[in-house]
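Each chain is listed here by its residues.
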Amino acid sequence: MSPGNPELVNALVQVLGSENVLTALEDILPYGFDGTATFKQRPVAVVFAHDAAQVSAVIKLARTHRAPVVTRGSGTGLSGGSVPVPGAVVLCLVKMDRILEVDPANLTLRAEAGAITQKIFDAADATGLFYPPDPGSMKISTIGGNVAENSGGLRGLKYGVTRDYVMGLEVVLADGSICWLGSKCVKDVAGYNLRDLFIGSEGTLGVVTQVLLKLLPKPAARQTLLATYARMDSAAETVSAIIAAKIIPCTLEFLDRKTIQCVEDFAKVGLPRDAEAILLIETDGHPAAVADEAAKIEELCRAHGATSVRRAATAAEAAQLATARRSAFSALARLRPTTILEDVTVPRSELAGMIREVEAIATRHQLNIATFGHFGDGNLHPTILTDERDTAEMHRVELAFADIVQATLARGGTITGEHGVGLAKKPFLKSQLGDASYELLRLVKRSLDPDGLLNPGKIFDQS
Ligand SMILES: Cc1cc2nc3c(=O)[nH]c(=O)nc-3n(C[C@H](O)[C@H](O)[C@H](O)COP(=O)(O)OP(=O)(O)OC[C@H]3O[C@@H](n4cnc5c(N)ncnc54)[C@H](O)[C@@H]3O)c2cc1C
């Protein structure tokens with residue numbers, strides 16, 4: 001039993017059963033970190049809830065014992081959001097993983113918050129429908145985590161992010177009350193839009209227990225292209241040219257030279273090792289429109305300096321090309337013990353300049369930084385390959401990290417495009433928002449969680 005808070009642990013066992021309360025060191029250690037390098041903190045206990053009533057009971061108990069509650073899905077977060085704070089109970093929702101309803105008449109799907117994103121995509125797909133948000137982690141992330149981070153994905157350029165698909169939420173508030181926000185109505189303007197307030201709130205305002213999602217008809221056709229460039233600027237110019245031609249591909253992804261080489265070593269998909277950049281482009285929709293768009297995209301790639309353009313002939317080849325991008329993070333993570341994945345977004349016109357600046361920052365701080373990302377959205381993932389045991393190098397990493405964020409802000413960008421603020425970006429939020437907006441955020445937190453027990457110290461420091 002935890003020496004930290006035995007009375008609370010006893011009470012949790014009464015409500016959830018001992019099989020749903022972990023306190024042994026070897027059991028709780030894996031819940032002390034998420035996908036973010038360098039943040040670690042041991043929780044007092046890890047508990048698993050099976051429904052909203054149990055979530056409510058856990059929150060009420062934690063309040064009684066003044067213990068913070070850190071909600072957790074699969075722990076794949078990349079900003080330290082589900083890393084425990086001292087004395088915290090980790091409330092893990094992975095056992096609440098049921099798809100509750102697929103409603104083809106209303107094009108909606110209702111699921112418990114712990115359902116895996118891929119399972120939601122598959123359930124929609126099985127009825128000829130489409131759930132577009134596809135974070136690179138979708139095989140393991142939960143829909144609750146996606147909502148809490150407002151996650152994006154490879155299809156974000158055309159289809160948007162998680163927020164664009166959330167029609168309703170069941171949320172357990174800081175006092176333990178359970179409320180439903182939103183509805184199946186396509187048009188619904190009754191009252192403040194509280195649903196949107198919880199999307200992207202990183203577990204700091206309430207615990208999402210159920211999600212009602214909008215689905216789309218499945219696109220009838222898809223075409224994948226891979227364009228190779230000897231110059232980064234040509235790749236960036238192609239992106240602008242495609243958008244200017246009024247074509248919105250569903251995917252427009254980019255890999256730099258270092259990432260290309262790592263991915264090729266890892267996935268062996270036949271990428272050109274000497275290229276400075278590649279673009280992975282996917283268009284979907286009506287077959288005739290897809291054929292027309294693919295031809296125009298190929299023409300634009302060549303006109304803007306692509307040295308080769310490969311069009312996938314089969315679905316298997318398309319999947320293989322997409323693997324090149326989807327495996328970027330895992331491929332890079334093999335090179336050094338610690339992988340620090342940045343997540344900044346700049347206006348698309350700033351992309352080529354921003355990538356060059358990241359390269360200059362890497363040289364200045366003598367670091368190995370590879371960059372890939374969602375070129376169509378302006379969302380870049382400069383990835384610092386390092387070793388957290390090397391104190392001198394980690395100091396240079398911190399300096400480089402701050403330089404990348406400052407460069408982003410100077411270009412009118414945002415400190416996070418999809419991974420959230422959490423612990424990792426907390427020091428930079430005020431610089432982006434300014435004093436008044438920053439205070440407004442804190443006011444919202446104080447209104448909904450006056451005792452500051454829900455994921456405290458994330459996004460901003462407790463006042
Ligand atoms: C290989 C890899 C690729 C990735 N690719 C992408 C990508 O393409 N796009 C992207 O956006 N992200 C990506 N991520 C980041 C991460 O997967 C997403 O942020 C994801 O949404 C986190 O889901 P999770 O279930 O793991 O949440 P966790 O990491 O467990 O939690 C994340 C945050 O959400 C809160 N939270 C979790 N569940 C709930 C809930 N039910 N109610 C309230 N708060 C909750 C937590 O407190 C925490 O603050 C990637 C991560 C990895 C490791």
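Note that the structure is a prediction, hence the values are computed from the model and not measured.

**A few points about helix H9 (residues 257–267)**
Within H9 the residues assigned to the buried category are Thr259, Ile260, Cys262, Val263 and Glu264. Considering only its buried residues, H9 is in contact with strand S13 (251–256), strand S14 (277–285), helix H11 (315–326), helix H12 (328–333) and strand S18 (368–374). Count one or two residues on from H9 and you reach Lys268, which has phi positive near 45°.

**Overview of empty space enclosed by the protein**
Rolled over the atoms, a probe with the dimensions of a water molecule shows which regions are left empty. As enumerated under the stated definition, the model contains one cavity of 30 Å³ or more in all. Every residue lining the largest cavity is listed: Ile59, Ala62, Arg63, Ala67, Val69, Ala174, Asp449, Leu453 and Leu454. A total of three residues in the lining of the largest cavity trace back to one element, the largest contributor, which is helix H3 (residues 52–64). In terms of residue class, the lining of the largest cavity is made up of seven nonpolar, no polar and two charged.

**Structural notes on the side chain of Lys426**
Checked against the element boundaries, Lys426 lands in the loop between helix H14 (391–410) and helix H15 (429–433). At 2.6 Å, the side chain of Lys426 forms a polar contact with the side chain of Asp461. For Lys426, the contacting residues outside a window of four places in its chain are Val421, Gly457, Ile459, Phe460 and Asp461.

**With respect to the layout of surface pockets**
When its volume is computed, the second largest pocket comes out at roughly 590 Å³. Lining the second largest pocket are 29 residues, and of these Gly200, Glu202, Val421, Leu441 and Ile459 lie nearest its centre. Elements with a minimum of two residues in the lining of the second largest pocket: helix H5 (143–149), helix H7 (194–198), H15 and helix H16 (435–448).

**Observations concerning the sheet that holds strand S3 (residues 69–72)**
Ordered in space as S1-S2-S4-S3, the four strands form an open sheet in which the pairing is mixed. At either end of the open sheet lies a strand with only one pairing partner, and these are strand S1 (21–22) and S3. Taken together, the four bridges between S3 and strand S4 (residues 89–92) define a ladder with parallel strand orientation. Bridging across to S4, Thr71 finds its partner in Leu91.

**Some thoughts on the pattern of salt bridges**
One pass over the structure, following the stated rule, counts 32 salt bridges. When the shortest N-O distance is used, the salt bridge between Asp449 and Lys445 registers 2.7 Å. Each member of the pair, Asp449 as well as Lys445, is classed as buried. Salt bridges here are not isolated pairs; linked through shared partners, they connect Lys158, Arg222, Glu282 and Asp284.

**A few points about unusual backbone geometry**
One non-glycine residue, Arg66, lies in positive phi territory at about 55°. Relative to the helices and strands, Arg66 is located in the loop between H3 and S3. Assessed through its relative accessible area of 53%, Arg66 is described here as exposed.

Reading guide: rules and limits
- Residues numbered from 1 in each chain as written.
- Predicted model: local features only at pLDDT ≥ 70, side-chain atom pairs only at ≥ 80, totals over all residues.
- Heavy atoms only, no water.
- Buried < 20%, exposed > 50% of the residue type's maximum accessible area, 1.4 Å probe, protein only.
- Helix = DSSP H or I, 4+ residues; strand = E, 2+ residues; numbered from the N terminus.
- Contact = heavy atoms within 4.5 Å.
- 1 Å grid on protein atoms, 1.4 Å probe; cavity = no way out; pocket = protein on both sides within 12 Å on 5 of 7 lines; lining within 4 Å.
- Points joined across faces, edges and corners; volume = space filled by probe spheres on them.
- Nonpolar A, V, L, I, M, F, W, Y, C, P; charged D, E, K, R; others polar.
- Polar contact = N/O pair within 3.5 Å; in protein donor to acceptor, adjacent residues only side chain to side chain.
- Pairing = 2+ DSSP bridges.
- Salt bridge = Lys/Arg side-chain N within 4 Å of Asp/Glu carboxyl O.

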